[in-house]
Amino acid sequence: AVLLGAAGGATAAPLDYVNARFGYLVTYPADLYPKPNVADNDDGFTVLSARPASELLVWGSHNALDQRSAYEAACPDGCAGETYRVDTKLVGVSSGRDAEGIYYLKCVADRALSRFACFRLRYREADKSRFDPVVEMLGRSLCLLDGSR
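Basis of the calculations
Residues numbered from 1 in each chain as written. Predicted model: local features only at pLDDT ≥ 70, side-chain atom pairs only at ≥ 80, totals over all residues. Heavy atoms only, no water. Core = buried A, V, L, I, M, F, W, Y, C linked by side-chain atoms within 4.5 Å. Buried < 20%, exposed > 50% of the residue type's maximum accessible area, 1.4 Å probe, protein only. Helix = DSSP H or I, 4+ residues; strand = E, 2+ residues; numbered from the N terminus. Contact = heavy atoms within 4.5 Å. Lys, Arg positive; Asp, Glu negative; His and termini not counted. Salt bridge = Lys/Arg side-chain N within 4 Å of Asp/Glu carboxyl O. Pairing = 2+ DSSP bridges. Axes fitted to C-alpha atoms, helices over the stretch in contact; angles between N-to-C directions. pLDDT = per-residue confidence, 0-100. Phe/Tyr/Trp six-rings, centres within 6.5 Å; stacked < 30°, edge-to-face > 60°.

**Regarding the nonpolar core**
Y24, Y33, L56, V58, L121 and L138 are the most contacted members of the largest nonpolar core, which has 26 residues in total. Listed by contribution, the elements that provide at least two residues to this core are β3 (24-29), β5 (44-50), β6 (53-62), β8 (91-98), β9 (101-109), β10 (115-123) and α2 (128-141). Setting aside anything within four residues of it in sequence, one finds L56 in contact with Y28, Y33, F45, T46, V47, F119, R120, L121 and L138. The next biggest cluster of nonpolar side chains, apart from the first, holds 13 residues, and it includes A70, Y103, L105 and C107.

**A look at the side chain of D43**
Mapped onto the elements, D43 comes out in the loop between β4 (37-38) and β5. Despite its burial, D43 remains without a salt bridge, the nearest opposite charge being carried by R21 at 5.2 Å. In contact with D43, not counting residues within four places along its chain, are N19, R21, F22, Y24, V58, W59 and G60.

**Remarks on the sheet that holds strand β7 (residues 82-87)**
Strand order in the open sheet made by the 7 strands is β4-β5-β6-β10-β9-β8-β7, with antiparallel pairing throughout. Both outer strands of the open sheet, β4 and β7, are each paired with one neighbouring strand and no more. As defined by bridge partners, β7 adjoins β8 across 5 bridges and the pair is classed as antiparallel. Looking at β8, one finds that V86 is bridged to V93. Each of β6, β9 and β10 is contacted by α2, which is oriented at about 170° to β10, the strand it contacts most.

**Considerations on the confidence of the model for the protein chain**
Summing up the model confidence of the protein chain, the mean pLDDT is 89 and the portion of residues at 70 or higher is 90%. Every residue in residues 5-11 is under pLDDT 50, and counting partners more than four places away or in other chains gives 18 contacts.

**A few points about the packing of aromatic side chains**
One pass over the structure, following the stated rule, counts 5 aromatic pairs. Pairing Y17 with F45 gives two aromatic rings, centres 4.8 Å apart and planes at 75°, and the pair type is edge-to-face. Of the two residues, Y17 sits in strand β2 (residues 14-19) while F45 sits in strand β5, which places them 28 residues apart along the sequence. Classification of Y17 by relative accessible area gives buried; the value is 0%. Measuring from centroid to centroid gives 4.6 Å for Y123 and F131, while their planes differ by 15°, and the two rings are stacked.

Below is the structure:
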């Protein structure tokens, strides 16, 4: 995994995270998440922010469960509290409310459905206006390096 320098975006100091193992990229706000914890198996990272309170998970995976769409990778058991959904073969999105607040989840797949890149962002409902541009940044940037979105 490689953290690259600034990219254009909705908040100050965005960084690109490039994952070589699964071949994906996502841009995230480094001012909000300055120290991501990269997973030992190098599939992605987890990061918490205290102010405002939030959690960002980013990961890649192989399609070991024979999922038929990116949405199935995002919500293999369904997404409780879902209020917004995109369900196509190559892009899956779920957003809604649960006991922890608002969540936004997106996965993209390669054309063969052999690998996925995903992120999940959780934050308090009171902070929605602060996180709208973060969701936009993450959602627009998440891609497989072969160009899949």
